[in-house]
Amino acid sequence: MITVAIIEDEPAVRKEISYLIQEETDTELIGWSDSVRTAVKLIEEKKPDVILMDIQLKDGTAFDLLKKLNVIPQNVIFITAYNHFAIKAIKYGALDYLLKPVDQTELKEALERYRRRSDNNPQWMQQLNMAHSAMHHGDVPESIALTSIHNVRIVAVHDIVYCKGDGPYTFFFLNDGSKELISKPLKYYEELLPAPYFLRTHQSYLVNRKYITGVNRSEYIVLKNKEEIPISSRRKNVILTQLFPEK
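Residues numbered from 1 in each chain as written. Predicted model: local features only at pLDDT ≥ 70, side-chain atom pairs only at ≥ 80, totals over all residues. Heavy atoms only, no water.

(A) Molecular detail of the pairing of strand E14 (residues 205-208). Burial along E14 is two-sided: Tyr 205 and Val 207 and Leu 206 and Asn 208, pointing in opposite directions, are all buried. Inspection of the sheet shows strand E10 (residues 160-166) paired to E14 by three bridges, in the antiparallel sense. Looking at E14, one finds that Cys 163 is bridged to Leu 206. Both strand E13 (residues 198-202) and E14 contribute to a ladder of three bridges, which runs antiparallel. Residue Phe 198 lies in a different strand from E14, and its bridge partner there is Asn 208. The antiparallel hairpin formed by E13 and E14 contains two residues in its connecting segment. (Buried < 20%, exposed > 50% of the residue type's maximum accessible area, 1.4 Å probe, protein only. Helix = DSSP H or I, 4+ residues; strand = E, 2+ residues; numbered from the N terminus. Pairing = 2+ DSSP bridges.)

(B) Focus on the pattern of salt bridges. Following the criterion strictly, the structure yields 14 salt bridges and no others. Here Glu 10 and Lys 100 are joined by a salt bridge, their closest N and O atoms 2.8 Å apart. In this pair, Glu 10 sits in the loop between strand E1 (2-7) and helix H1 (11-23) while Lys 100 sits in the loop between strand E7 (97-99) and helix H5 (104-116), placing the two residues 90 residues apart along the sequence. Via salt bridges that share partners, Glu 8, Glu 10, Asp 54 and Lys 100 belong to a single interconnected network. (Salt bridge = Lys/Arg side-chain N within 4 Å of Asp/Glu carboxyl O.)

(C) How the structure looks around the layout of surface pockets. When its volume is computed, the largest pocket comes out at roughly 1,400 Å³. Lining the largest pocket are 43 residues; nearest its centre among them are Ala 94, Asp 96, Arg 113, Arg 117 and Thr 147. Contributions of two or more residues to the lining of the largest pocket are made by helix H4 (84-92), E7, H5, helix H6 (124-137), strand E8 (143-147) and helix H7 (186-192). Considering only residue class, the lining of the largest pocket consists of 18 nonpolar, 13 polar and 12 charged. Each pocket or cavity is described by its volume, and for the second largest pocket that value is around 220 Å³. (1 Å grid on protein atoms, 1.4 Å probe; cavity = no way out; pocket = protein on both sides within 12 Å on 5 of 7 lines; lining within 4 Å. Points joined across faces, edges and corners; volume = space filled by probe spheres on them. Nonpolar A, V, L, I, M, F, W, Y, C, P; charged D, E, K, R; others polar.)

(D) Here's a closer look at the packing of aromatic side chains. Per the stated rule, a full pass over the model turns up six aromatic pairs. Between Phe 171 and Phe 173, the ring centres sit 6.4 Å apart and the planes meet at 40 degrees, which makes this aromatic pair tilted. Each ring, one from Tyr 188 and one from Tyr 189, has its centre 5.0 Å from the other, and the planes form 75 degrees; the classification is edge-to-face. Exposure class is identical for Tyr 188 and Tyr 189. Each is buried. Cluster of aromatic residues (ring-pair linked, three or more members): Tyr 162, Phe 171, Phe 173 and Tyr 205. The residue whose ring lies beneath Arg 14 is Trp 32, and the NZ or CZ to ring-centre distance is 3.8 Å. Residue placement shows Lys 184 over the ring face of Tyr 188; its charged tip is 5.3 Å from the ring centre. (Phe/Tyr/Trp six-rings, centres within 6.5 Å; stacked < 30°, edge-to-face > 60°. Lys NZ or Arg CZ within 6 Å of the ring centre and 35° of its normal.)

(E) Structural detail: the sheet that holds E14. In space, the five strands of this open sheet follow the order E12-E11-E10-E14-E13, with antiparallel pairing throughout. This sheet does not close on itself; its edge strands, each paired only once, are strand E12 (179-182) and E13. Averaged over all pairs of adjacent strands, the angle between strand axes in this sheet comes to 20 degrees, irrespective of strand direction. With six bridges joining them, E10 and strand E11 (residues 169-174) adopt antiparallel strand pairing. Paired with Tyr 162 across the bridge in E11 is Phe 173. (Axes fitted to C-alpha atoms, helices over the stretch in contact; angles between N-to-C directions.)

(F) View of helix H8 (residues 236-243). All of the buried residues in H8 are Ile 239, Leu 240 and Leu 243. For H8, the angular spread of the buried residues around the axis is 95 degrees, confining them to a single face. For H8, the exposed residues set more than 90 degrees away from the buried face come down to Asn 237, Val 238 and Thr 241. Close packing links the buried residues of H8 with E13, strand E15 (212-216) and strand E16 (220-223). (Arc of directions from axis to C-beta. Contact = heavy atoms within 4.5 Å.)

(G) Focus on unusual backbone geometry. In the segment running from Lys 100 into Pro 101, the intervening peptide bond is cis, with an omega of -10 degrees. The residue Pro 101 is located in the loop between E7 and H5 in this model. Unlike most non-glycine residues, Ala 94 shows phi in positive territory, near 55 degrees. Considering the arrangement of structural elements, one finds Ala 94 in the loop between H4 and E7.

As far as function goes, none of this settles anything; it's purely spatial.
Structure follows, in structure tokens:
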């Protein structure tokens, strides 16, 4: 049986999530809280298997709450309304989250991810710090968490040479010659790695501008390592204008 605690200050949302949890056959709701202050006591006393936690509470944020705990748990699934900055921050840290209103299917999937997850993720604190920093600063962070099938890798944004999309997957090609396969589409990362730092040169490519050395026949981007990345005909004028703005 998976024990669950809800940290949410909106009564209607809390009631709906409680109902969805009760519909699950192997979960038990062991308590709820609507503030940072009372949530600390609940989590440390009950030690729930899973914590469903709203990003923004009436007396602080989820990150404020986590800092107050003696031991920061790795079993948090964040809850958020559609807030552009909050969602981007969570994505930078590759953290698990649910959007309000919480959907039964999405909750099932989140619980299933919890069941499959290893007990110890050595990158967890770094992922939390990355998300927290992104929420407060808003610009492209120094690093991004990439979750592959086997692990989480923290990658410096300036070390990403380019990304190549392949249907529901994205390959990250890094400055050290390595690459990572991530099971998310390129469009997911286009928002996290935006212009002017990265250029979407083609439907399948997102390129870090710092590695671009030139253009070949207006059809290919040339990189420092001599690789050539195609420029789609539809994007050609925009890409060339961005790379070579008129004086």
